[in-house]
Amino acid sequence: MSAEELKQLKPGQSPHEPEKATLEGKNKFLGFWFFLGGETVLFASLFGTYLALKDSNLDGKPAEELFGLELVFIMTMILLTSSLTSVYAIYHMKNLDFQKMQLWMGITVLLGLSFLGLEIFEFYEYVHHDGHTFTSSAFGSAFYTLVGFHGAHVAFGLLWIVTLIIRNARRGLNLYNAPKYYVASLYWHFIDVVWVFIFTVVYLMGKVG
Amino acid sequence: MSTAYAQKNGFFAGLWDYLTTVDHKKIAILYLIAGGFFFLVGGIEAMLIRIQLIQPDNEFVSAGLYNQLLTMHGTTMIFLAAMPLIFTLMNIAVPLQIGARDVAFPFLNSLGFWLFFFGGVLLNCSWFMGGAPDAGWTAYAPLSTTSPGHGVDFYVMGLQISGAGTLIGGINFLVTIINMRAPGMTYMRMPLFTWSSLVTSVLILFAFPALTVGLFLMMFDRLFGANFFDPSMGGNHVIWEHLFWIFGHPEVYILVLPLFGLFSDIISTFSKKRLFGYSAMVFATVLIGFLGFMVWAHHMFTTGLGPVANSIFAIATMAIAVPTGIKIFNWLFTMWGGSIRMTVPMLWTVAFIPSFTLGGFGGVMLAAAAADYQYHDTYFVVAHFHYVIVGGVVFGLFAGLTYWWPKMFGTMLNEKMGKLAFWPFFVGFHLTFFIQHFLGLMGMPRRYWKFQPDQGLEIGNLVSTLGAFLMAIGTIIFLINVVMTTMKGEKVSGDPWDARTLEWSIPSPPPFYNFTQTPLVRGLDALWVEKRHGNGKMTPAEPLGDIHMPNNSFIPFMMSLGLFIAGFGFIYQVDDSSFLILAIAGMAITLLSMFVRSVKDDLGYHIHKEDLEKGAGSE
């Protein structure tokens, strides 16, 4: 790592893959993929727990009465779109177009925020209208733990990306921060993939029983 | 961006250096000190257990304290002694064996250590704050979820924090081994210790998140009123058993695989022969790693999963004997016809082979699901796992520490004292645990505080306790050896064992940048190849140039300290919700440290070529 790598990269300049141009970048890239492998086991364990306990609702509403697919469908669309916008951001990074990358990262953050807002609204409705809480049954504990872990990942990802955008706003893309943007976008895709499984396993399977 | 490596003197400068270090060789020493300390704590707990069982109807410790000692002995030895001491060996050896200047993530390496350390301290704080965890190291629900007091809460928080540290360490070594190998160091030229560290790191990566989830669920149940393990609220405690053993079974391979690799290196070094069946050894290591994940339910044969599940897991378990057998025979064939030097590391290694094999026999017996209904939760199980964990892991740690001691400290442990430590430990080990097989077959249950007179269990328990004293004597002699060696401080050369692998091609202890020039690897046992076919020195793969080094950082310490504080907050908010302030403050310290790390560029510094020529940093 040197001062050379802190120099702003401009369009038309090599390298083609700024996120992997340095050894530090390569290490970050690989290490982050491994981290996501560990995260996969984490969520797999949570999914397994949820599947074991999803019918243990005691006196509370069962899943098919509780869930409304309209809201969850909108949330899914928003999050899928945010994955696409982060792809645009990385596309512009590869073209060394810093301003457009920042813009699309910003749009990703806005979409992520609206997803998180809707999720909080959803939880609020369950608690206050349906009496479905974290402590009401094993189903409640498992539901809020699985979906809540995902929500916490979204919140953490938003903090992370916002920090990146603000920190680098005035200095542009360089070989030091390109890997950081890249792994943040990987993280965001991972969050999206996990949500696809939640949408299927929790909500769709919950509706059809 | 300066060439700052000026040495500051004085105790506090030294302390500050160790609190902030990102050098893998210094982190190895930190792991050694902390892990060694916890090993002694766990050993004292073991001695108290054995003294309690020296005679029938003994009243040496109370029943409640006995449960705490038993739980903390297991937890401490696995998580706070064996794991960190293995990280000592990995930190000292892996980067040097592959010809790397550093690990992939020096900052994370330091963070991993401090997380482990503060997790361990938090766990042991329970002794002074109303009682240690008392539900066994497996913390089965509902015993653990209904255990009164805060003991189990300390278990949950302490292991969660130190587990995160282990996961970080695993990822670090994975990337280091894959990305940072010297030119010519292909996968099939890596020393077996590096290979087994790679496989172990994969196991850590996929096993620890299951523990993380299990501990979270336990935390939610105990501290926040969730119902995962409460059948009256729809919960199911078999979930804990599954999650725990999905982690717990690979964990025993995480412990023993690096030492399998180490034994391979030691045997080939001290037999002056290339390792017999190198590629078969690599294959066996990978296969053991894979099968290690497929067998967790053999801990649950009596839980009631049904005969189909039991049969599948029984057969998968027995299959592990095949790659393990490959290893045992390859070690023997490596020694066959070699010119063997019985140094202390070799002595531990040779003692390991029959000891571990005996443990393996017990394992095959336990793997027979039908027979397991007889052995389950008896001393037979205790005998079995101590045979593999002490006979494999602890013997390996003694061997490895003696083997790499010169590389870590530049001095040599005394050979005579080393042998003097070995014999009581070795004899004591077999006295303690061999007889426990028979105690188990005679029906003595594990975890029992007392046994009754006139059941024929007296002599067995007495012998077992006497053996434990012999092991303690061996450990004390080892410690005396360490103290004497440190005080004498005789310097040794870079290659005191006449060894074969890359770490011995540089001075002991190595300069902080490891290799002045990255070496060119021309075959398996790279240094040996040069001794046979070259001038005995590694050929550099690059011209002398500036070396980039990472800066020290205090942030890992702060991040871990924050979680430590938050741990207390989470535990005590059950009694008094104002403790939530402590939890929030702790999390704030951690998140703020992460934030500082994110926004402050840490570019490290360079050692310039001219200074390298003058021999900077090589002390």
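Just so we're clear, the structure is a prediction, and the values are computed from it rather than from any experiment.

Student: So what's going on with a nonpolar patch on the surface? Which residues, and what values?
Tutor: Residues and elements named next belong to chain A. On the surface, a nonpolar cluster with roughly 610 Å² of combined accessible area is contributed by Phe-73, Ile-74, Met-77, Leu-80, Val-193, Val-196 and Phe-197. For the nonpolar patch, the secondary-structure elements that each account for two or more residues are α4 (69-94) and α7 (178-208). In terms of residue count, the dominant contributor to the nonpolar patch is α4 (4 residues). By the secondary structure assignment, Val-193 is in helix α7.

Student: Can you break down the packing of helix α3 (residues 63-97) of chain B against helix α4 (residues 106-125) of chain B residue by residue, with the values?
Tutor: All names here are of chain B. Relative orientation of the contacting elements α3 and α4 amounts to 160°, with a least axis distance of 11 Å. Compared by their axis directions, α3 and α4 come out roughly antiparallel. The interaxial crossing formed by α3 with α4 has left-handed handedness. Contact with α3, carried on its side by Met-72, Thr-75, Phe-79, Leu-80, Pro-84 and Asn-91, involves Asn-109, Phe-116, Gly-120, Leu-123 and Asn-124 of α4 and no other residues of that element. Residue composition of the contact of α3 with α4, grouped by class: 6 nonpolar, 5 polar and no charged.

Student: So, the environment of B:Asn414: which residues are in play, and what are the values?
Tutor: All names here are of chain B. With respect to the helices and strands, the residue Asn-414 is situated in the loop between α13 (379-409) and α14 (415-441). In this structure Asn-414 comes out as partly exposed when scored by relative accessible area, which is 29%. Separated by 239 residues in sequence, Asn-414 and Val-175 place their C-alpha atoms 36 Å apart. Each residue touching Asn-414, except ones within four places of it in the same chain, is listed here: Asn-481 and Thr-485. Polar side-chain contacts of Asn-414 include one of 2.9 Å to the backbone nitrogen of Met-417.

Student: Describe in detail the nonpolar core, supporting the description with residues and values.
Tutor: Among the nonpolar cores identified, the biggest contains 236 residues, and A:Phe67, A:Phe143, A:Trp195 and A:Tyr203 are the most heavily contacted of them. For this core, the leading source of residues is helix α6 (residues 192-224) of chain B, giving 19 residues. Beyond its immediate stretch of four places on either side in the chain, A:Trp195 contacts A:Val72, A:Met75, A:Thr76, A:Leu79, A:Phe115, A:Glu119, A:Val147, A:His150 and A:Tyr203. Judged by nonpolar contacts, the second largest core, of 11 residues, contains B:Ile49, B:Leu53, B:Val61 and B:Tyr379.

Student: How would you explain the UniProt feature "transmembrane region" (unreviewed entry) in chain A if you had to name every residue and give the values?
Tutor: Residues and elements named next belong to chain A. When the UniProt feature table is mapped onto this chain numbering, "transmembrane region" (unreviewed entry) sits at residues 30-51, 71-91, 103-121, 141-166 and 186-206. End-to-end, the C-alpha atoms of residues 30-51 are 32 Å apart, and along that stretch the chain is 100% helix and 0% strand. Within residues 71-91, the helical portion is 100% and the strand portion 0%, while the C-alpha atoms at the span's ends are 31 Å from each other.

Student: An account of the side chain of B:Thr166 is requested, with residue identities and associated values reported.
Tutor: Residues and elements named next belong to chain B. Mapped onto the elements of the fold, Thr-166 is located in helix α5 (residues 151-179). Judged by relative accessible area, which is 9%, Thr-166 ranks as buried. Leaving out residues up to four positions away in the same chain, Thr-166 has contacts with Met-83, Phe-87, Ile-204 and Phe-208.

Student: Tell me about the interface of chain B and chain A, and please be specific about residues and values.
Tutor: Each partner contributes to the interface: chain B provides 40 residues, whereas chain A provides 39 residues. Of the roughly 3100 Å² buried between chain B and chain A, counting both surfaces, carbon and sulfur atoms make up 73%. When the area that chain B buries against chain A is broken down by residue, the three leading residues are B:Phe228, B:Asp601 and B:Leu603, summing to 16%. The tally of links from chain B across to chain A stands at 2 salt bridges. B:Asp601 serves as the salt-bridge partner of A:Arg171, at 2.4 Å between the closest nitrogen and oxygen. Taken together, the connections running from chain B to chain A amount to 11 residue pairs in polar contact (both at pLDDT 80 or more). Among the elements of the structure, α5, α6, α7 (238-271) and α18 (580-599) of chain B are those that each provide at least two residues to the side of chain B that touches chain A. When the residues that make up the side of chain B that touches chain A are grouped by side-chain class, the tally is 26 nonpolar, 11 polar and 3 charged.

Quick notes on the rules
Residues numbered from 1 in each chain as written. Chains lettered and ligands numbered in written order. Predicted model: local features only at pLDDT ≥ 70, side-chain atom pairs only at ≥ 80, totals over all residues. Heavy atoms only, no water. Patch = residues over 30% accessible without salt bridge, like charges linked within 9 Å, V, L, I, M, F, W, Y side chains within 5 Å. Areas by Shrake-Rupley, 256 points an atom, 1.4 Å probe, with all protein chains shown as cover. Salt bridge = Lys/Arg side-chain N within 4 Å of Asp/Glu carboxyl O. Helix = DSSP H or I, 4+ residues; strand = E, 2+ residues; numbered from the N terminus. Axes fitted to C-alpha atoms, helices over the stretch in contact; angles between N-to-C directions. Parallel < 35°, antiparallel > 145°, perpendicular 65-115°, else oblique. Left-handed = near helix turned anticlockwise from the far one by under 90°. Contact = heavy atoms within 4.5 Å. Nonpolar A, V, L, I, M, F, W, Y, C, P; charged D, E, K, R; others polar. Buried < 20%, exposed > 50% of the residue type's maximum accessible area, 1.4 Å probe, protein only. Polar contact = N/O pair within 3.5 Å; in protein donor to acceptor, adjacent residues only side chain to side chain. Core = buried A, V, L, I, M, F, W, Y, C linked by side-chain atoms within 4.5 Å. UniProt positions renumbered as here; feature names shortened; annotations may be inferred. Buried area = accessible area lost by both parts, 1.4 Å probe.

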